[in-house]
Amino acid sequence: MKLGIVGLPNVGKSTLFNSITKAGAESANYPFCTIDPNVGVVAVPDARLKLLGDFYHSQKITPAVIEFVDIAGLVKGASKGEGLGNQFLANIREVDAIVHVVRCFEDDNVIHVDGSIGPARDIETIIMELIFADLEVLERRIARTQRAAMNDKALAKELVTLKKLQEHLEAGEQAKTLTPDDDDEAAFIRSLNLLTDKPVIYAANVGEDDLADDGASNAYVAQVREIAKKDGSEVFVICAQIEEELAELDDEEKMAFLADLGLTESGLDKLVTASYRLLGLMSYLTAGEKETRAWTIPIGTKAPQAAGKIHSDFERGFIRAEVVNYQDLLTAGSYAAAREKGLIRSEGKEYVLQDGDVVLFRFNV
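Residues numbered from 1 in each chain as written. Predicted model: local features only at pLDDT ≥ 70, side-chain atom pairs only at ≥ 80, totals over all residues. Heavy atoms only, no water.

Colleague: Explain the pairing of strand S9 (residues 291-298) to me, using residue names and the numbers behind them.
Modeller: Both strand S3 (residues 60-62) and S9 contribute to a ladder of 3 bridges, which runs parallel. Bridge pairing in S9 places Ile61 opposite Thr292. In the sheet, strand S8 (residues 281-286) pairs with S9 via 6 bridges, with the strands oriented antiparallel. When the bridges of S9 are listed, Thr286 appears paired with Arg293. What sits between the antiparallel neighbours S8 and S9 is a turn of 4 residues. (Pairing = 2+ DSSP bridges. Helix = DSSP H or I, 4+ residues; strand = E, 2+ residues; numbered from the N terminus.)

This is the structure in structure tokens:
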């Protein structure tokens, strides 16, 4: 999974990126301190992996990962070259979803590029800049397609869609709000990788005092939640400064620090949960003496396709999957005991994997 982080300057974007990736992107209290895209890979927190790893005495534990791409802050007029322009937006065209960091805290010591806190205004600014960036892409694609479409029916059909999208965006609407005529048109629109067609997770960046009640008493967070509700996006509340402090602690210290704040999970945990929910993802597990590992797949994936996530040969030569719930396996005390109790099931090609399944694939090629 790959997530792109966007937002205005000085909303906590790079601080958040630093804290969750520990990649050391420069962070400072002035606009445009991030002038190159920063990329960091983060392990997905999953307590089940350690439990299974200890159970099997695994030599290696491999979590699922998320790749984060942080780009320079956008400002109003970026499409016309204001600030650093929108030159870095190309770096997030390949991401699965966009994390939009929105400032929801007051602090006279941290400059706001527009002079005041206004989440609804800030979100609108970023959305419009993403729309302008998508329009540039469409204009170039239309210019390339127009001439060739004269003698090609398939390209002529694409051109109709491109112009329909262009008109939709010019009206100030995002690509994801356009209803496709059919599955083919939907697939073509997805292939364009438009920024405004991507799912969005809003990260409402608050002060420490607003963390305990998850921003419930923060009027700025309420604005963000209202906007997210309208466009089907996810929201999670975070304090980037607290995440920065958490990043310096080991696991035991981290849990104690969170408990002191009245919290049970970190911002990264919240982001992972929101990402998986928004993108319809889950994890199944493989475990043994050599390695215990989490594999991320779309919810609803059948056994052969899940096996193909490990290796194409597993899917091609799929015979069956031996499946047990991870908790049932741990409770049984051993794989053999789980088998004796009938907890291990033999599943065929139509089986849909469930979150937390521990799977052993049988295949022959």
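Colleague: Outline the nonpolar core, listing residues and values.
Modeller: Here is a general trend for soluble globular proteins: nonpolar side chains tend to be buried in one another's company. Ranked by size, the top nonpolar core spans 86 residues in total, and within it Phe68, Ile92, Leu165, Tyr202 and Leu271 carry the most contacts. When residues in this core are grouped by element, the largest group, 10 residues, is from helix H3 (residues 119-148). The residues contacting Phe68, other than those within four sequence positions of it, are Leu3, Ile5, Phe17, Ile20, Thr21, Asn38, Val39, Gly40, Val42 and Leu271. Of all hydrophobic cores here, the second largest spans 15 residues; its members include Met282, Trp295, Leu353 and Val359. (Core = buried A, V, L, I, M, F, W, Y, C linked by side-chain atoms within 4.5 Å. Buried < 20%, exposed > 50% of the residue type's maximum accessible area, 1.4 Å probe, protein only. Contact = heavy atoms within 4.5 Å.)

Colleague: Help me get a handle on empty space enclosed by the protein, residues and values and all.
Modeller: One pass over the structure, following the stated rule, counts 2 cavities of 30 Å³ or more. For the largest cavity, the calculated volume is near 60 Å³. Every residue lining the largest cavity is listed: Val6, Ile98, His100, Ile126, Ile127, Leu130, Gln174, Lys176, Val200, Tyr202 and Asp231. Among the secondary structure elements, those contributing two or more residues to the lining of the largest cavity are strand S5 (97-103), H3 and strand S6 (200-205). The element contributing the most residues to the lining of the largest cavity is H3, with 3 residues. For the lining of the largest cavity, the residue count by class is 7 nonpolar, 2 polar and 2 charged. Size it by volume and the second largest cavity reaches roughly 40 Å³. Leu211, Val237, Cys239, Ile242, Glu243, Leu246, Leu258, Leu263, Glu265, Ser266, Gly267 and Lys270 together form the lining of the second largest cavity. Elements supplying a minimum of two residues to the lining of the second largest cavity: helix H7 (240-246) and helix H9 (267-279). The greatest single-element share of the lining of the second largest cavity, amounting to 3 residues, is contributed by H7. (1 Å grid on protein atoms, 1.4 Å probe; cavity = no way out; pocket = protein on both sides within 12 Å on 5 of 7 lines; lining within 4 Å. Points joined across faces, edges and corners; volume = space filled by probe spheres on them. Nonpolar A, V, L, I, M, F, W, Y, C, P; charged D, E, K, R; others polar.)

Colleague: So what about the layout of surface pockets? Which residues, and what values?
Modeller: For the largest pocket, the calculated volume is near 850 Å³. Along its surface, the largest pocket is lined by 28 residues, and Pro45, Asp46, Asp251, Lys254 and Asp269 are the ones closest to its centre. Every element with two or more residues in the lining of the largest pocket is listed here: helix H1 (13-21), strand S2 (38-43), helix H2 (47-56), H7, helix H8 (251-260) and H9. Per-element tally for the lining of the largest pocket: the top contributor is H9, with 5 residues. For the lining of the largest pocket, the class distribution of residues is 17 nonpolar, 4 polar and 7 charged.

Colleague: Outline the side chain of Glu234, listing residues and values.
Modeller: As for its placement among the helices and strands, Glu234 is situated in strand S7 (residues 234-238). Residues in contact with Glu234, not counting those within four places in the same chain, are Val200, Ile201, Tyr202, Ala228, Ala274, Arg277 and Leu278.

Colleague: Describe the environment of Phe55, listing the residues and the values that go with them.
Modeller: For Phe55, the location among the structural elements is in helix H2. Residues in contact with Phe55, not counting those within four places in the same chain, are Leu329, Leu330, Gly333, Ser334 and Tyr335.

Colleague: Kindly report on helix H4 (residues 153-170), identifying the contributing residues and their values.
Modeller: With 18 residues, H4 extends 26 Å between its outermost C-alpha atoms, agreeing within 8% with the 26 Å of an ideal straight helix rising 1.5 Å per residue. Within H4, burial applies to Leu159, Thr161, Leu162, Leu165, Gln166, His168 and Leu169. Buried residues belonging to H4 abut H3 and helix H5 (183-191). For H4, the N-terminal capping position is held by Asp152, with its side-chain oxygen 2.9 Å away from the main-chain nitrogen of Ala154. (Expected span 1.5 Å × (residues − 1). Polar contact = N/O pair within 3.5 Å; in protein donor to acceptor, adjacent residues only side chain to side chain.)

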